[in-house]
Amino acid sequence: MWTKCTSSDRLWVREAHRLDGNTVTYRAEGDTSPGRWRPGIHMPRWASRMTLVVKTVRRERVREISDDDARAEGMIVRGVGEMKDLFRDQWTDMHGATAWDDDPEVIALTFDVLSENIDSLPA
């Protein structure tokens, strides 16, 4: 399925968080105190603190990923070697033993990150 996302679209980022009224604590800030942490999927739009501005959108097969693109994915490096090989290993860990060989089509985005809520940006 092709995405309707296009260049200059804005996407708001969801993060693991905790709400106390209108106060938001973000797990990414290193807070490990006990309490009701919510996964990013449940973050309300108003609590988002980052916006992605899409620069490019392209379709490609997962095995076409370059070393530079694999590095840009921000993956957790679990060894030494070419980034594409490390990305393949992580892809297989996340999606199953045949996922790399299946070579699914993916939507690859490049974007700029703005440290602002999407609704605070000018139209």
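Residues numbered from 1 in each chain as written. Predicted model: local features only at pLDDT ≥ 70, side-chain atom pairs only at ≥ 80, totals over all residues. Heavy atoms only, no water.

Caption draft 1: Structural detail: the overall build of the chain. Counting secondary structure elements, the chain contains 3 helices and 5 strands. Each helix and strand of the chain, placed in order from N terminus to C terminus, yields the pattern β-β-β-β-α-α-α-β. For the chain, the spread of C-alpha atoms along the principal axes amounts to about 45 × 40 × 25 Å. The buried share of the chain, taken over its 123 residues, is 27%. As presented, the chain carries roughly 8400 Å² of accessible surface, and 50% of it is formed by carbon and sulfur atoms. Charge centroids of the chain, computed over 18 positive and 22 negative side chains, lie 6 Å from each other. (Helix = DSSP H or I, 4+ residues; strand = E, 2+ residues; numbered from the N terminus. Buried < 20%, exposed > 50% of the residue type's maximum accessible area, 1.4 Å probe, protein only. Areas by Shrake-Rupley, 256 points an atom, 1.4 Å probe, with all protein chains shown as cover. Lys, Arg positive; Asp, Glu negative; His and termini not counted. Charge placed at Lys NZ, Arg CZ, Asp CG, Glu CD.)

Caption draft 2: How the structure looks around a nonpolar patch on the surface. On the surface, Leu11, Leu109, Phe111 and Val113 cluster together to form a nonpolar patch covering roughly 300 Å² of accessible area. Secondary-structure assignment places leucine 11 in strand S1 (residues 10-12). (Patch = residues over 30% accessible without salt bridge, like charges linked within 9 Å, V, L, I, M, F, W, Y side chains within 5 Å. Salt bridge = Lys/Arg side-chain N within 4 Å of Asp/Glu carboxyl O.)

Caption draft 3: Geometry of the nonpolar core. Formed by Val62, Ile65, Ala70, Met83, Leu86, Phe87, Trp91, Ala99 and Trp100, the largest nonpolar core amounts to 9 residues. Those elements that provide at least two residues to this core are helix H2 (83-95) and helix H3 (99-102). For this core, the element with the highest residue contribution is H2, accounting for 4 residues. Each residue touching valine 62, except ones within four places of it in the same chain, is listed here: Phe87, Trp91, Trp100, Asp103, Pro104 and Val106. (Core = buried A, V, L, I, M, F, W, Y, C linked by side-chain atoms within 4.5 Å. Contact = heavy atoms within 4.5 Å.)

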